[in-house]
Amino acid sequence: IENIEYEFDNNFTYETSSAEEDELKEIFVEEVEGLAQNCRDSLLKLEENPTNSVEAVTIRRVFHTYKGSGRMIGVHNLGEVAWTAEQEMNKIVGNKDVFLTKEQIFALKTFNEKFIKWSKVLNETGEITISVEKEQKEFLSQFNAKKQIDNVVVEEDNVIIEEDNADEVINITP
């Protein structure tokens, strides 16, 4: 098996010109609207139940489809950006003991909204510019951010984590 490497410009502009490209763009915009709503719905369900693996798979599929659709219409950088989220979701979906955190759900919500924005810009102007490196770094820094713990107290055999912004105290017994 031969390894093939692809290189993309950090700033790639796709411009539509032919009727076929316009039709593909129109299909893409419609598809993004539906996918974005599916993603929103799944993220809401995951906020209520982070162990819901069906919804995590749905989110992974949304970003997988963004990736393929972006590449289909020639916006390879959109595909690369979507691939970043898909890879992170593969880590979650592929591990039955790992669930999305509130911070990761927020990062996915934010990222999903960017795809909506990008599709609207493409639809309105016929072109779109996406910085792969910038978008990947921004998403990964949000997605992989660790929650700041404000106070840790050790009492006998228990470790108690108190969070200023939480309504509850989390007890962890070693």
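Residues numbered from 1 in each chain as written. Predicted model: local features only at pLDDT ≥ 70, side-chain atom pairs only at ≥ 80, totals over all residues. Heavy atoms only, no water.

1. Some words on the side chain of K114
Mapped onto the elements, K114 comes out in helix α4 (residues 102–125). Not counting chain neighbours up to four residues away, the residues in contact with K114 comprise E135 and E138. (Helix = DSSP H or I, 4+ residues; strand = E, 2+ residues; numbered from the N terminus. Contact = heavy atoms within 4.5 Å.)

2. Re helix α1 (residues 19–48)
If you check α1, its first and last C-alpha atoms are 44 Å apart, about what 30 residues at 1.5 Å a residue would give, namely 44 Å. Taken together, the buried positions of α1 are K25, F28, V29, V32, L35, A36, C39, S42, L43 and L46. Buried residues belonging to α1 abut α2 (53–72), α3 (76–93) and α4. (Expected span 1.5 Å × (residues − 1). Buried < 20%, exposed > 50% of the residue type's maximum accessible area, 1.4 Å probe, protein only.)

3. A look at the pattern of salt bridges
If the charged atoms of two oppositely charged side chains come close together, the side chains can form a pair. Enumeration over the complete set of coordinates arrives at eleven salt bridges. Taking the shortest distance from any N to any O, the salt bridge between K91 and E88 comes out at 3.0 Å. With a gap of three residues between them, K91 and E88 both fall in helix α3, about one helical turn apart. For the salt bridge of K134 with E138, the shortest nitrogen-to-oxygen distance reads 3.8 Å. In this pair, K134 and E138 are both assigned in helix α5 (residues 132–143), four residues apart and thus about one turn of the helix distant. Residue class for E138 comes out partly exposed when judged on its relative accessible area of 32%. (Salt bridge = Lys/Arg side-chain N within 4 Å of Asp/Glu carboxyl O.)

4. Concerning the packing of aromatic side chains
Per the stated rule, a full pass over the model turns up eight aromatic pairs. Centroid distance F111 to F139: 4.4 Å. Interplanar angle 25 degrees. Geometry classified as stacked. Of the two residues, F111 sits in helix α4 while F139 sits in helix α5, which places them 28 residues apart along the sequence. Residue class for F139 comes out buried when judged on its relative accessible area of 2%. Here the aromatic residues F63, Y66, F111, F115, W118, F139 and F143 are joined through ring pairs into a cluster of three or more. (Phe/Tyr/Trp six-rings, centres within 6.5 Å; stacked < 30°, edge-to-face > 60°.)

5. Some thoughts on the nonpolar core
By size, the foremost hydrophobic cluster in this structure holds 35 residues, and its most contacted members are I59, F63, Y66, L100, L108 and F115. Contributing elements (two or more residues each) for this core: α1, α2, α3, α4, β2 (127–131) and α5. If near-sequence neighbours (up to four positions away) are discounted, I59 is found in contact with C39, S42, L43, L46, M89 and L108. (Core = buried A, V, L, I, M, F, W, Y, C linked by side-chain atoms within 4.5 Å.)

6. Regarding the confidence of the model for the chain
Do not read the fine detail of predicted coordinates wherever pLDDT is low. Model confidence for the chain is summarised by a mean pLDDT of 79, while 74% of its residues fall at 70 or above. Below a pLDDT of 50 lies the segment residues 1–9, which in the model reaches five contacts outside its immediate sequence neighbourhood of four places, other chains included. Between residues 148–174, whose pLDDT stays under 50, and residues either more than four places distant or in other chains, the model counts 33 contacts. (pLDDT = per-residue confidence, 0-100.)

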